[in-house]
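# Descriptive structure summary
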Amino acid sequence: MRVTRHGDAHHIKDLNVSTSLSGDMAEVHLSGDNSAVLATDTQKNTVHAFAKKHGVGAIEDFALLLARHFVDSQPTVHHARVAIEEYSWERNGSSGHSFVRSGGETRTCVAHYDGSQAWVVSGLTGLVVLNTTNSEFWGYIKDEYTTLPETRDRILATAVDATWRHAAPDGGAYDKSYENARQALLAAFAGTYSLSLQQTLYAMGSRVLKDCPEICEVRLSLPNKHHFLVDLSPFDLDNDGEVYFAADRPYGLIEGAVLREDAPGAGPAWD
């Protein structure tokens, strides 16, 4: 947690930072020789010290700063992976120092650095969205085990987990890029007349690539959060698409990626 105080107006950045280092470390496993190891406690201390010394802006910039430090300062460390989750807070009333945890999605990033090249993947998790109409699902395979009825009008809901790879990680402007990508995901979800969640997934990924030229690949994981129309006939009540039961299980999980034809190689970006 990094608190920045500007008089009575305070600002907070709440992060979960994970660091992973690799390199010439065979002997620590084979013989217990720890001379090549940067202790995990040291890594934790570095995160805290860098938050004080450098502040915390875009999480991608902070992740790259840490990754480059670990590799460039330690000859036995050849590759660093830094993953960050950012939890958002909103101001509580008019006070400059009181906050309430936001119930929205969590922003994420993963940065890799090997001493000469960097890779950055940004993203979000838990972005819950729902359309009350403009969604159908029909024409699928039917066999002796099929019980799902076709529908020409349904609720479409999902919790979006999305990650996107930057073509040029040193380009910066990560906060603006994140907002543009998030808005592209929301706009495509709202504006697509959906015949399947798979179709919606492709529309969302394509919209991010269209609106964000700095992004070369988008990966999406969309669980289908089913809403079933409740049978109110036992109570002599009609239910014309008004009352639903929101089920958490079972659900279908739809996953896919949208990639530019000229995207550079991913390297270890997705590891």
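Residues numbered from 1 in each chain as written. Predicted model: local features only at pLDDT ≥ 70, side-chain atom pairs only at ≥ 80, totals over all residues. Heavy atoms only, no water.

## Let's talk about helix H2 (residues 40-54)
Spelled out, the test is: By definition, any uninterrupted DSSP run of H or I lasting at least four residues is a helix, any uninterrupted run of E lasting at least two residues is a strand, and each is numbered from the N terminus. One fewer than the residue count of a helix, multiplied by 1.5 Å, yields its expected span. A contact between two residues is defined here by any heavy atoms of the two lying within 4.5 Å.
With 15 residues, H2 extends 21 Å between its outermost C-alpha atoms, agreeing within 8% with the 21 Å of an ideal straight helix rising 1.5 Å per residue. Among the structural elements, strand S1 (2-6), strand S2 (9-23) and helix H3 (59-73) are those in contact with the buried residues of H2.

## Some thoughts on the pattern of salt bridges
Opposite charge on two side chains permits them to pair, given that their charged atoms come into close proximity. The test is simple: For this analysis, a salt bridge means a side-chain nitrogen from Lys or Arg found within 4 Å of a carboxyl oxygen belonging to Asp or Glu. Any residue under 20% of the maximum accessible area for its type is buried, any over 50% is exposed, and the rest in between are partly exposed; the area is computed with a 1.4 Å probe on protein chains only.
Under the counting rule described, the total for this entry stands at ten salt bridges. Glu60 is the salt-bridge partner of Arg107, the closest N and O atoms lying 2.8 Å from each other. A residue pair is termed long-range when its members are at least 10 positions apart, and Arg107 in strand S6 (residues 106-113) and Glu60 in helix H3 qualify at 47 residues. Look at Arg107 and you get buried, because its relative accessible area is 9%. You can call Glu60 buried: its relative accessible area is 1%. A salt bridge links Arg182 to Glu105, with the shortest nitrogen-to-oxygen separation between them at 2.5 Å. In this pair, Arg182 is assigned in helix H4 (residues 174-191) and Glu105 in the loop between strand S5 (99-101) and S6, connecting sequence segments 77 residues apart. Look at Arg182 and you get partly exposed, because its relative accessible area is 23%. Here Glu105 falls in the buried class, since its relative accessible area comes to 15%. Three or more residues joined by partner-sharing salt bridges are found here, namely Glu60, Arg107 and Asp175.

## A few points about the UniProt feature "binding site: urate" (unreviewed entry) in the protein chain
Just so we agree on the cut-off: UniProt positions are given in the numbering used here, feature names are shortened, and annotations may be inferred rather than shown by experiment.
Following the UniProt record, the feature "binding site: urate" (unreviewed entry) maps to Thr40, Asp41, Phe137, Arg154, Gln198 and Asn224 here. Spanning 185 residues, the named residues are also spread out in space, since their farthest C-alpha pair is 51.9 Å apart. Checked against the element boundaries, Gln198 lands in helix H5 (residues 197-211). Residue classification places Gln198 among the partly exposed positions, given a relative accessible area of 42%.

## So, H3
In this model H3 runs 21 Å from its N-terminal to its C-terminal C-alpha over 15 residues, within 8% of the 21 Å that 1.5 Å per residue would give. Within the sequence span of H3, burial applies to Ile59, Glu60, Phe62, Ala63, Leu64, Leu66, Ala67, Phe70 and Val71. On the buried face of H3, the contacting elements are S2, H2, strand S3 (77-87), S6, strand S7 (118-131) and H4.

## Some words on a nonpolar patch on the surface
Threshold: Patch building starts from residues that exceed 30% relative accessible area and form no salt bridge, then joins like charges within 9 Å and nonpolar side chains (Val, Leu, Ile, Met, Phe, Trp, Tyr) within 5 Å. Note on areas: these come from Shrake-Rupley sampling with a 1.4 Å probe, and a residue is covered only by the protein chains present in the view.
On the surface, a cluster of nonpolar side chains totalling about 300 Å² of accessible area is made up of Trp138, Tyr193 and Leu195. Turning to its location among the elements, Tyr193 is positioned in the loop between H4 and H5.

## Some points on the nonpolar core
Formally: The set of buried Ala, Val, Leu, Ile, Met, Phe, Trp, Tyr and Cys residues whose side-chain atoms join them within 4.5 Å is what this entry labels a nonpolar core.
Counting 27 residues, the largest nonpolar core has Leu21, Phe62, Leu66 and Ile84 as its most contacted members. Sorting the residues of this core by element identifies S2, H2, H3, S3, S6 and S7 as the ones contributing at least two each. Residue contributions to this core peak at eight residues, all from H3. When residues no more than four places from it in sequence are discounted, the contact partners of Leu66 are Val17, Thr46, Val47, Phe50 and Val82.

## Comments concerning the side chain of Glu217
To keep it simple, the criterion reads: Whenever a nitrogen or oxygen atom comes within 3.5 Å of another N or O atom, the pair is scored as a polar contact, on the condition that within protein one atom can donate a hydrogen and the other can accept it, and that pairs from neighbouring residues in sequence are kept only if both atoms are in side chains.
Looking at the element boundaries, Glu217 is found in strand S9 (residues 215-223). Given the relative accessible area of 6%, Glu217 is considered buried. A polar atom in the side chain of Glu217 sits 3.2 Å from the side chain of Arg219. Within polar-contact distance, the side chain of Glu217 engages the side chain of Trp270 at 3.1 Å. Among all residues touching Glu217, those that are not within four sequence positions of it are Thr163, Trp164, Arg165, Leu209, Ala257, Val258, Leu259 and Trp270.

## Brief notes about the pairing of S2
Selection criterion: We treat two strands as partners when DSSP finds at least two bridges between them.
Where S1 and S2 come together, five bridges link them in antiparallel fashion. By the bridge assignment for S2, Thr4 is matched with His11. The pairing of S2 with S3 spans ten bridges and is classified as antiparallel. Across the sheet, Gly23 pairs through a bridge with Val77, a residue of S3.

## Here's the deal with the UniProt feature "binding site: O2" (unreviewed entry) in the protein chain
UniProt records the feature "binding site: O2" (unreviewed entry) for Thr40 and Asn224 in the present numbering. Structurally, the position occupied by Thr40 is in helix H2. Accessibility expressed as a relative area gives 64% for Thr40, which makes it exposed. If you trace the backbone, Asn224 turns up in the loop between S9 and strand S10 (227-229).

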